[in-house]
Amino acid sequence: PDNPAVPIVYLVDLSSGAVLAARNEQRRFVPASIAKVMTLYVAFELIARGKLDPDAQFAISDEAFRGWDQKGSTMYISAGSRVRVDDLLMGIANVSANDGAVVLAEGAAGSTEKWVVLMNRTARGLGMRNTRFATPNGWPDEGATFTTAHDLVILARAMLARHPQLYARYVGKPGFTYNGITQSNHDPLTGRVAGADGIKTGFTNQAGNGFLGSAMRGGRRLAFVVAGSDTMAARNTLARELVEWGFAATSSRPLYAKGAEVGSAAVQGGEALSVPLVTGLPVRATTPVGDASEVALSVRYLGPLRAPVRKGETVAELVIAVNGMPPSSVPLHAAADVPKAEGLGRLRNGLVGLLRW
């Protein structure tokens, strides 16, 4: 599928890391409301760490109400009201609530500025090297907020791998009712295309029409970005065509379940000499339809790793090679913490290193 009216296109099989379609995937662009996906992800991280309670209530400040009452997409938070975090996340994810994103940022971090620091720190930790956030909601800011299609797929993969239950809870609902007002989700695929379940649209005059989406069928999950479109119709049509083509033109073979151990990495200066490597999502090999080529697998990392290593940290990748296709890769994560070695542990590791030499 192709449409020159949509300048940025990126389709990836997250199950294998295979890039199925790409155009300008490294070009920086203004994400508009797609920036809210990072606000959701930061919130999910805080919930997982026990630092944010979905049942907690945050008050809308006078400043937030004056600045964001019915400004752009909104969930119609009333002046002086308190809103559950659960409702804020629903509003942000499904009706693109600008006011909800600001209330969440102020309530969870103390200010939107402190929340933006968390967004950018998180982006750097994920390896989103061409992304910067300046607001929690993607409101036009003269280009201070920017990203790439490549980076947005990294974010989608992290959200799905680390927080599948929260993703299923909050993302891809048909709409949302708050304060007696029901609004529909503008997601063009969920409920219309088999397996589609999110993630987020975006539009401003500066950004054009964009969409970060995902769909899962038969154990395979595709993620994609279409962005910079002059029209919503062109964006929506190409998004549907991409998903249908991706599932129809390629097939997939299961390799590893989510969380499976696929190898280990050597660790230098740690209490352990190595750390097991596990998958974050189910891993499959992507091949052209009807292709029965053998699959070659290898683990790649810059090693040895230096302690400390944190459980869940992305430290390696599984490279998947199929005849006739470019190699692809999926992230591998440390299965355990490896603290720095002290005293006798450091001496033991030094002796083992000499024996290996």
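Up top you'll find the structure we're talking about.
A brief look at the structure comes next.

Quick notes on the rules
Residues numbered from 1 in each chain as written. Predicted model: local features only at pLDDT ≥ 70, side-chain atom pairs only at ≥ 80, totals over all residues. Heavy atoms only, no water. Pairing = 2+ DSSP bridges. Helix = DSSP H or I, 4+ residues; strand = E, 2+ residues; numbered from the N terminus. Core = buried A, V, L, I, M, F, W, Y, C linked by side-chain atoms within 4.5 Å. Buried < 20%, exposed > 50% of the residue type's maximum accessible area, 1.4 Å probe, protein only. Contact = heavy atoms within 4.5 Å. Salt bridge = Lys/Arg side-chain N within 4 Å of Asp/Glu carboxyl O.

**What about the pairing of strand β12 (residues 274–279)?**
Okay, so step 1: Where strand β11 (residues 261–268) lies against β12, 5 bridges are found, and the strand directions are antiparallel. Within the sheet, the bridge partner assigned to E261 lies in β12 and is V278.
Okay, so step 2: With antiparallel pairing between neighbouring strands as the criterion, β11 and β12 make up a hairpin whose turn holds 5 residues, including G269 at a positive phi of roughly 75°.
Okay, so step 3: Pairing analysis gives 3 bridges linking β12 to strand β17 (residues 328–334), with the strands arranged antiparallel. Within β17, the residue paired with T279 across the bridge is L332.

**Section: the nonpolar core**
Okay, so step 1: M38, M75, L89, L104, W115 and V225 are the most contacted members of the largest nonpolar core, which totals 66 residues.
Okay, so step 2: When residues of this core are assigned to their parent elements, the largest contribution, 10 residues, is made by helix α6 (residues 149–162).
Okay, so step 3: Once you skip the residues sitting within four places of it in the chain, M38 turns out to touch M119, T122, A123, L126, M128, F133 and L155.

**Re the sheet that holds β12**
Okay, so step 1: The mixed open sheet is built from 6 strands, whose spatial order is β14-β16-β17-β12-β11-β15. Looking at the sheet topology across the chains shown, the edges are occupied by β14 (295–300) and β15 (305–306).

**Quick word on the pattern of salt bridges**
Okay, so step 1: Taken as a whole and judged by the stated rule, the model has 10 salt bridges.
Okay, so step 2: Linking R49 and E45 is a salt bridge whose minimum nitrogen-to-oxygen distance equals 3.0 Å.
Okay, so step 3: Owing to a relative accessible area of 8%, E45 belongs among the buried residues under this scheme.
Okay, so step 4: Among the ionic pairs, R169 bridges to D86, the shortest N-O distance being 2.8 Å.

**Describing the environment of N205**
Okay, so step 1: By the secondary structure assignment, N205 is in the loop between β7 (196–204) and β8 (208–217).
Okay, so step 2: In this structure, the C-alpha to C-alpha distance between N205 and A32, residues 173 residues apart in sequence, is 9.4 Å.

**Re the environment of G228**
Okay, so step 1: For G228, the position within the fold is in strand β9 (residues 220–229).
Okay, so step 2: For the pair formed by G228 and G202, sequence separation is 26 residues and the distance between their alpha carbons is 9.8 Å.
Okay, so step 3: Aside from chain neighbours lying at most four places away, what touches G228 is A5, P7, A207 and N209.

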